[in-house]
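Listed below are the residues making up each chain.
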Amino acid sequence: MNKKYHIITYGCQMNEHDSENLAGMLEALDYEHTDSPEQADVVVMNTCSVREHADKRFFGMLGQFKKRKMKDPEFIICVCGCMPQQPHIVQEIKESFHWVDIVFGTQTIAEFPNLLRERVETGKKQFCILANNTEISEEKNPKRMHPHKALVNITYGCNNFCTYCIVPYTRGREKSRTLREVKQEVISLVHDGVKEVMLLGQNVNSFKDAEGNNFAALIRALEEVEGLERIRFMTSHPKDLSDELIDCFRNGKKLCHNIHLPVQSGSDVVLKRMNRHYNRERYMEIVKKLRAACPDITISTDIIVGFPGETEENFQDTLSLVREVEYDSAFTFIYSPRQGTPAAKFEDQIPEKVKHDRFDRLVEAVNQCSMKKNAEYMDRIVDVMVDGPSKNDPSAWSGRTDTFKLVNFTSEVPLTAGEIVPVRITETKTFSLDGEKVTK
Ligand code: SAH
Ligand code: SF4
Ligand code: F3S
């Protein structure tokens, strides 16, 4: 009987894609996937360290595996992702979590099969972490989560050093793949049945390959791929959002009318202390240009409250920005100090109570916007790409519009993932739309 593996993934889509690659490697070694960590011979924890909450969940989960390990020494526990990229975390694992077998980082993923083989053959613990690899090792055989849509890395790492953020320390300096290599990968994905690609990077619009191709050139090149229906990307940084990219929204046929454009704060003072390199006026100018080029574009964002030194007045600026932009949705975060980042050492940290109070008010403002934007879809007929049966109601279907709205809908005929069908919207909610499939 084949040995079994289970992967637990925290964090962003870059980690999700890394987990797809890890699953591909394990299956190449004849391991079989299991949904249950209890039945797995190998458990991989692909970690995130963007906020303290993520750290805590990880250490809690690691503690749970101790019991099993004490009974069954052949059970293998692997830790990878962003947490072990920080030396103090590796130290902590060595000192307090001695039952962990294999530890590797974001830049040594390709080493995983060797590390696992070594551990199995010699019984010795394996640690393999690199601070900043110059080689890009893209695994070519991931086990993808969906048949019809694929995650595609285009850049690795980040050079921006926003003062609150750990990512530049865990993912290393920014590196771009080449346009040619990315296009080739997309062509072969389409050949395998993929209809939609999500281009991934911490700051995709600073993509620049060795031949001088920029992100807009990459989008234009992918527009030409026959059989590809939709192109998405995330995340883009406002400071690098060019007019050339806005033209791609105006002229493209496949580039989806949706953008995730993290603003972080509506206050110029806070933006400066965050090292974001744009101000509110510049951000609003981009929003207006995007809407002029592409009137139905939907916009989502990331916002942090309680950044060190944020006054009530600064926070009010964030609230007013949310209302001015009218975001379709937003990920909202309470500032969490990260060891090794400049902001963690800023003296004017905000009390927890104040942070939570601002967070609640922000969420209310964001939800009001989401509800209002979704209400505009009432009675409209929209094209939905089917993802599969709806999670909450297996007799209904679920999918996304080009503008990334989640739609749950009924259909009298069975559907397949990746199909694009017309759906009439019959009810609008804060986070989703309901509808019924129609015949056009
Ligand atoms: N590269 C992406 C974001 C990566 S992290 C970008 O720049 O847009 C995702 C989000 O987590 C960030 O946009 C930010 O809003 C939030 N975040 C990052 N560090 C944080 C911290 N220390 N505390 C709270 N939120 C944080
Ligand atoms: Fe972090 Fe800023 Fe880089 Fe995004 S752009 S990953 S927030 S440092
Ligand atoms: Fe987390 Fe690393 Fe992504 S810190 S958000 S998994 S880049």
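Quick caveat: nothing in here was measured; it's all calculated off a predicted structure. (Residues numbered from 1 in each chain as written. Chains lettered and ligands numbered in written order. Predicted model: local features only at pLDDT ≥ 70, side-chain atom pairs only at ≥ 80, totals over all residues. Heavy atoms only, no water.)

Engineer: What exactly am I supposed to notice about the site of ligand 1 here?
Structural biologist: Around ligand 1 there are 15 residues in total, and Gln202, Pro262, Gln264, Asp302 and Ser336 lie nearest to it. In the environment of ligand 1, a nitrogen atom lies 2.7 Å from a nitrogen or oxygen atom belonging to the side chain of glutamine 202. Between an oxygen atom of ligand 1 and a side-chain N or O atom of aspartate 302, the distance comes to 2.6 Å. Computed on the free molecule, ligand 1 has an accessible area of 540 Å², of which 90% lies beneath the protein chains in the complex. When contributions to the shell around ligand 1 are tallied by element, the ones reaching two or more residues are strand S13 (298–305) and strand S14 (329–334). Residues that form the shell around ligand 1 fall into these classes: 7 nonpolar, 4 polar and 4 charged. (Near = heavy atom within 4 Å. Polar contact = N/O pair within 3.5 Å; in protein donor to acceptor, adjacent residues only side chain to side chain. Areas by Shrake-Rupley, 256 points an atom, 1.4 Å probe, with all protein chains shown as cover. Helix = DSSP H or I, 4+ residues; strand = E, 2+ residues; numbered from the N terminus. Nonpolar A, V, L, I, M, F, W, Y, C, P; charged D, E, K, R; others polar.)

Engineer: Which parts of the structure should I look at to understand the packing of aromatic side chains?
Structural biologist: In this description, a pair of aromatic rings is defined by centroid distance and the angle of the planes. A complete count under the given rule lists 12 aromatic pairs for this structure. Among the aromatic residues, those joined into a ring-pair cluster are Phe58, Phe59, Phe97 and Trp99. For lysine 94, the ring lying beneath its charged end belongs to phenylalanine 127, and the centroid distance is 4.7 Å. We note arginine 400 situated over the ring of phenylalanine 404; from NZ or CZ to the ring centre the distance is 4.1 Å. (Phe/Tyr/Trp six-rings, centres within 6.5 Å; stacked < 30°, edge-to-face > 60°. Lys NZ or Arg CZ within 6 Å of the ring centre and 35° of its normal.)

Engineer: Would you take a moment to explain empty space enclosed by the protein for this structure?
Structural biologist: To find leftover empty space, one rolls a probe the size of a water molecule over the atoms. Counted under the stated rule, the structure contains 1 cavity of 30 Å³ or more. Volume-wise, the largest cavity comes out at about 30 Å³. As for the largest cavity, its lining consists of Lys149, Glu196, Arg232, Met385, Asp387, Arg400 and Phe404. (1 Å grid on protein atoms, 1.4 Å probe; cavity = no way out; pocket = protein on both sides within 12 Å on 5 of 7 lines; lining within 4 Å. Points joined across faces, edges and corners; volume = space filled by probe spheres on them.)

Engineer: Got a minute to help me understand unusual backbone geometry in this structure?
Structural biologist: Most peptide bonds are trans, and most residues other than glycine sit at a negative phi. A cis amide bond links methionine 234 with the next residue in sequence, threonine 235, at an omega value of 5°. Here aspartate 30, not a glycine, exhibits a phi torsion of approximately 70°, which is positive. Positionally, aspartate 30 belongs in the loop between helix H1 (13–28) and strand S2 (32–33). For histidine 277, which is not glycine, the phi torsion reads 65° and is therefore positive. Along the polypeptide, histidine 277 turns up in the loop between helix H9 (268–273) and helix H10 (280–293). Classification of histidine 277 by relative accessible area gives exposed; the value is 55%. (Buried < 20%, exposed > 50% of the residue type's maximum accessible area, 1.4 Å probe, protein only.)

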